[in-house]
Structure formats: C-alpha cells, structure tokens
Amino acid sequence: MSFRKVVRQSKFRHVFGQPVKTDQCYDDIRVSRVTWDSTFCAVNPSFVAIIVEASGGGAFLVLPLHKTGRIDKSYPTVCGHTGPVLDIDWCPHNDHVIASGSEDCTIMVRGGPGSWGLAGVTSLCSLSLLSPQVWQIPENGLSQPLTEPVVVLEGHSKRVGIVTWHPTARNVLLSAGCDNVVLIWNVGTAEELYRLDGLHPDLIYSVSWSRDGSRFCTACKDKSIRVIDPRRGTIVAEKERAHEGARPMRAIFLADGKIFTSGFSRMSERQLALWDTENLEEPMGLQELDSSNGALLPFYDPDTNVVYVCGKGDSSIRYFEITEEPPYIHFLNTFTSKEPQRGMGWMPKRGLDVSKCEIARFYKLHERKCEPIIMTVPRK
C-alpha cells in the first residue's frame, strides 16, 4: 500500500523573492563590522538607516528611500556617539524620529525640528553621553552631519545593545544593556518610567513587545526566555533552557500571544521553536535547520502569520507559516541569492506597494551595499 505525501495548501507557498535592479540598490556603504548580533538596519516608509563604520566613534547613515545608487563617502551621517552604534529603531508613530544605542552606554533619540513636541528637551543639554539617544531627522534627509540628539537617556552603566519603541504608546522606548538591566523611558520628558533590574542574571540577547504592548519577552544568555509585565516588574512566565546551545538566541511575540524563538541545539544545530505562554514546559513545534554558525534573525508578519528567518552570514531567507494545527511551523520556501548578508532591514507594512502584490520587503546588507528584496504573491 503506498502513501501519497500531503502538501499543505497555502497561498504563501508561492511567495517569490525578487532583488531589485542594481541602480535601485544603495552602493559604496561601509557596513559596520561590530560583532554584536544586531540587524544593523532599520527601515520605514521614508528612510533607510544603516549602521556604518566610523572613525573616532559610532555613526549611521539615514538615506531617503529614493536616494539609491552610489552613496558618496562625504554623505552626512548621524554621528553623536563616542563608541560604535549597536542598535537603531525608528519610532512607529513618527517617521522622522530614530533611537540609537551604543557601546558608549548611551541611547540617543533624533528627529526633525518641531516634528513631535518633546517636553523638557532644553534641560538635557548638560547630560553626559552615558545613555541611549533620540534623534530627529529633517524632512528631506540630512544635508550635514547630525551630532546633536534631541534626547539623551541616561541610565545604563554598560553598553546599550537593544533599543525598541513601544508598539502602541507614543514616546515610550525600551532599552536593554550589557548591565542586564531593562529600562523603559518616557522620551517626551526624558524620565525613567520603569527600571527592571535583577530579572536577568546574564546578557540579554533580544527583546520583543507583545502586539498590544502590555508585556514583552526576552531571550537571555542563561538560555531562558521570559515573559515580563513591565508595570509590575515581574516575570509572568519563564522557560529555562529553551534552546540547549550556547550561541545567541532570539525570541519574538506573535499576534496571538505565542512566542517564536530561534537558537541552537546542544550539537550546535540551528533550531526554530514555537511556545505557548500558558504552558512553556514543551515547545508546540520544533524544527532543526542546519549546522551553520550565524545567528538567526526572525521577522514576523502578523497579517499573513508568516515568519521570515534570515541567518547572519547566510545567503538565503527562509519563510514559515505559523498555523493552529500541528506541526504549527510549516516550511514554505527559501529565497536564495549569491552573497551572504551582514544584516537585514524590514519594511513596515504601510511602506509596501500592495498594487504589485508585495507582502514584505527586506533590505539586505552586503559588505559594501544595501540591496532591497521584494517578496510578492502573484495573482492568478
């Protein structure tokens, strides 16, 4: 008796990746060589920001989306940090405001004049550069180097590796540093809303807000994933040894409250897992991919329930559909190109061209350029 293999019927099995033409890439960019497992790239419908090599401190480029082709070496950068920039994140409520975290222990927030009415900004001039910073980007991009942040957020004692904005509350920013402390800020007044100390015994690899922003999940060097209620400052749920391997793992919240993680097995094989926060004893689904060393960066699309996984040093993007029935994580397809990626940017849904059936767009960082990759589902 023969059995026929059943192929899952999903329109997302037919997602096709297409790199843009050479003249639509951003060329001659010296992408940062920092070993921190950051995406090194942040994108919104107006700008693409890329962390770059800089002499004498940290810097990142902010390019209008239409400014493609070769980028001149003298093109102005955002360069107020005294150490390498480790992470950047655009504000979801204002396309001209970006936050950056650095090895100099600072967080800076930046943006364009008069674009968001920050209270209490003038009192920040005397702050030393020992915190995250917020920057404001002019309407048409930079015409000269930007060295003065709008806000400097002072609170971390070691380098700041993670900055991420709250998904629903305006002017709320989360930062996590190598001091194992998570801070939540009111950027408008530059005050510390919550200090979550003592919840993580080791380095925090990733932080992800839930869809409504009531909780966030973290992946830590002690191999645990934690779900945290920031208002109470308590751990709601915790899973020890989510992935047995010693290499970095990442965790992201999905729309239905489940958690998707990427990590390594004890034999250093790369793994993906899906967890129910109501019961973290065993993963709902677990898949092993390969034996490569690069950290896996997951990107989640809540509208299609598709997770895209990009490995650092890989030349491919794998995508999986998350469903309600076993095995829960369904492999869909792989987009493969020739050159490996150093980092990856992810365009928010509101920046996509839906008239061309576009469901996702990545900004792939090479050694010396940034290449947009468009993911589409063609109509019949």
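Rules of the game
Residues numbered from 1 in each chain as written. Predicted model: local features only at pLDDT ≥ 70, side-chain atom pairs only at ≥ 80, totals over all residues. Heavy atoms only, no water. Salt bridge = Lys/Arg side-chain N within 4 Å of Asp/Glu carboxyl O. Helix = DSSP H or I, 4+ residues; strand = E, 2+ residues; numbered from the N terminus. Buried < 20%, exposed > 50% of the residue type's maximum accessible area, 1.4 Å probe, protein only. pLDDT = per-residue confidence, 0-100. Contact = heavy atoms within 4.5 Å. Pairing = 2+ DSSP bridges. Axes fitted to C-alpha atoms, helices over the stretch in contact; angles between N-to-C directions. UniProt positions renumbered as here; feature names shortened; annotations may be inferred. Core = buried A, V, L, I, M, F, W, Y, C linked by side-chain atoms within 4.5 Å. 1 Å grid on protein atoms, 1.4 Å probe; cavity = no way out; pocket = protein on both sides within 12 Å on 5 of 7 lines; lining within 4 Å. Points joined across faces, edges and corners; volume = space filled by probe spheres on them. Nonpolar A, V, L, I, M, F, W, Y, C, P; charged D, E, K, R; others polar.

What to know about the pattern of salt bridges
- In this structure the tally under the stated criterion is 21 salt bridges.
- For the salt bridge of aspartate 28 with arginine 70, the shortest nitrogen-to-oxygen distance reads 3.4 Å. Here the residue aspartate 28 occupies a position in the loop between β2 (26-27) and β3 (41-43), and arginine 70 occupies one in strand β6 (residues 69-70), the gap between them amounting to 42 residues.
- Its salt-bridge partner being arginine 270, residue aspartate 290 comes within 2.7 Å of it at the nearest N-O pair. One end of the pair, aspartate 290, is in the loop between β24 (285-288) and β25 (296-301); the other, arginine 270, is in strand β23 (residues 270-275), and 20 residues separate them in sequence.
- Residue class for arginine 270 comes out buried when judged on its relative accessible area of 1%.
- Taken together, the shared-partner salt bridges in this structure form one network comprising Asp28, Arg70, Lys73 and Arg368.

Observations regarding the confidence of the model for the chain
- On average, residues of the chain score 89 in pLDDT, and 91% of them are at 70 or above.
- Low pLDDT (under 50) marks residues 1-6, which in the prediction has zero contacts with non-local residues, meaning those over four places away or in another chain.
- Across residues 112-130 the pLDDT falls below 50, and counting only partners more than four positions away or on other chains, this stretch makes 52 contacts in the model.

Focus on the sheet that holds strand β28 (residues 329-336)
- The sheet built from four strands is open, its strands ordered β25-β26-β27-β28 with antiparallel pairing. Only two strands of the sheet have a single neighbouring strand rather than two, namely β25 and β28. Ignoring strand direction, the axes of neighbouring strands in this sheet form an average angle of 25°.
- The pairing of β25 with strand β26 (residues 306-311) spans six bridges and is antiparallel. Within the sheet, the bridge partner assigned to leucine 297 lies in β26 and is cysteine 310.

A look at the environment of phenylalanine 216
- Looking at the element boundaries, phenylalanine 216 is found in strand β18 (residues 216-220).
- Accessibility expressed as a relative area gives 0% for phenylalanine 216, which makes it buried.
- Spatially, the C-alpha atom of phenylalanine 216 lies 9.9 Å from that of alanine 251, the residues being 35 residues apart in sequence.

Let's talk about the sheet that holds β23
- With antiparallel pairing, the four strands of this open sheet are ordered in space as β21-β22-β23-β24. The sheet is open, and its two borders are formed by β21 (250-253) and β24, each paired with just one other strand. Taking the axes of each pair of neighbouring strands and ignoring which way they run, one obtains an average angle of 15° across the sheet.
- In this structure, strand β22 (residues 259-264) lies alongside β23, joined through six bridges in antiparallel fashion. Among the inter-strand pairings, serine 262 is bridged to a residue of β23, identified as leucine 272.

Description of the UniProt feature "repeat: WD" (unreviewed entry) in the chain
- In this structure's numbering, the residues bearing the UniProt feature "repeat: WD" (unreviewed entry) are residues 153-195.
- Between the end C-alpha atoms of residues 153-195 there is a gap of 13 Å, over a span that is 0% helix and 53% strand.

Considering the nonpolar core
- With 68 residues, the main nonpolar core has Ile29 and Phe60 as its most contacted residues.
- Among the elements that take part in this core, strand β4 (residues 47-52) stands out by supplying six residues, more than any other.

Looking at empty space enclosed by the protein
- Applying the stated criterion across every chain yields a total of one cavity of 30 Å³ or more.
- Tyr205, Cys220, Lys221, Lys223, His243, Gly245, Ala246, Arg247 and Met249 together form the lining of the largest cavity.
- Classifying every residue of the lining of the largest cavity gives four nonpolar, two polar and three charged.

Some details on the pairing of β18
- Among the five residues of β18, five are classified as buried, and the element is accordingly described as predominantly covered.
- Both faces of β18 are covered, namely the face carrying Phe216, Thr218 and Cys220 and the face carrying Cys217 and Ala219.
- Summarising the sheet, strand β17 (residues 204-209) and β18 pair through five bridges and their orientation is antiparallel. Within β18, the position partnered with tryptophan 209 by the bridge is phenylalanine 216.
- Counted along the chain from β17 to the antiparallel partner β18, the turn is six residues long, and its residue glycine 213 has a positive phi close to 80°.
- Note: β18 against strand β19 (residues 225-229), four bridges, orientation antiparallel. By the bridge assignment, cysteine 217 is partnered in β19 with valine 227.
- Hairpin connection, β18 to β19: the antiparallel pair is bridged by four residues, and lysine 223 has positive phi, about 75°.

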